[in-house]
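Structural characterization, general
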Amino acid sequence: QVQLVESGGGLVQAGGSLRLSCAASGRTFSSYSMGWFRQAPGKEREFVASLRRGATYYADSVKGRFTISRDNAKNTIYLQMNSLQPEDTAVYYCAADGSYYAGGDPSRWDYWGQGTQVTVSS
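Just so it is clear, the model here is predicted, and its values are computed rather than measured.

A count of helical and extended segments in the protein gives 0 helices and 11 strands. Reading the protein from its N terminus to its C terminus gives the helix and strand order β-β-β-β-β-β-β-β-β-β-β. Against the 2.2 N^0.38 benchmark of 14 Å for 122 residues, the protein shows a C-alpha radius of gyration of 13 Å, consistent with a compact globule. Counting only C-alpha atoms, the protein reaches 40 × 25 × 25 Å along its principal axes. By residue count, 43% of the 122 residues in the protein fall in the buried class. When the accessible area of the protein is evaluated, it comes to approximately 6200 Å², of which 45% is carbon and sulfur surface.

So this is what it looks like as structure tokens:
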């Protein structure tokens, strides 16, 4: 079992930055694929970024602006978000998968955090 707790969300003006954190429980953290998804009101949950065995993957909408990273010593992953835009407003969720899946289908991910709200004002 893996428990995930996100933090770092908030309100920021367009063009600003935020860094989200996701603290994970479990001794096998380093072997899991980790990812970030987001869900805006009235929309489906969408893939943002993921990492697996040192490789990183990004949605086209965030490529060049967001960076995913992990610190295995702290059992934590991060999402550095720069040049934020109002369309980035959503609840951001951390996800973990023990089968090395790192793709964009939310149903394939095993564990989820409770989410953290990111609001970007224009």
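Structure shown, so let's carry the discussion forward.
With that out of the way, let us pick up the state of the cysteines. In this structure the tally under the stated criterion is 1 disulfide. Between the sulfur atoms of C22 and its disulfide partner C94 the distance amounts to 2.1 Å. Every disulfide takes its handedness from the sign of the S-S torsion; for C22 and C94 that torsion is -80°, giving left-handed. Placement of the pair is C22 in strand β3 (residues 18-24) and C94 in strand β9 (residues 90-97), with a sequence separation of 72 residues. Pair check on accessibility: C22 and C94 agree, each one buried.

Topologically, R38 is positioned in strand β4 (residues 33-39). On the basis of relative accessibility, which here comes to 6%, the residue R38 falls in the buried class. Of note is the side chain of R38, whose polar atom sits 2.9 Å from the side chain of Y92.

Here we take up the environment of Q1. Within the element layout of this structure, Q1 appears in the segment before β1 (4-7). With a relative accessible area of 77%, Q1 lands in the exposed category. Considered as a pair, Q1 and W36 are 35 residues apart in the sequence and their alpha carbons are 19 Å apart. Not counting residues up to four positions away in its chain, the partners in contact with Q1 are S25 and Y111.

Parameters at a glance
Residues numbered from 1 in each chain as written. Predicted model: local features only at pLDDT ≥ 70, side-chain atom pairs only at ≥ 80, totals over all residues. Heavy atoms only, no water. Helix = DSSP H or I, 4+ residues; strand = E, 2+ residues; numbered from the N terminus. Rg over C-alpha atoms; globule rule 2.2 N^0.38 Å. Buried < 20%, exposed > 50% of the residue type's maximum accessible area, 1.4 Å probe, protein only. Areas by Shrake-Rupley, 256 points an atom, 1.4 Å probe, with all protein chains shown as cover. Disulfide = S-S within 2.5 Å. Polar contact = N/O pair within 3.5 Å; in protein donor to acceptor, adjacent residues only side chain to side chain. Contact = heavy atoms within 4.5 Å.

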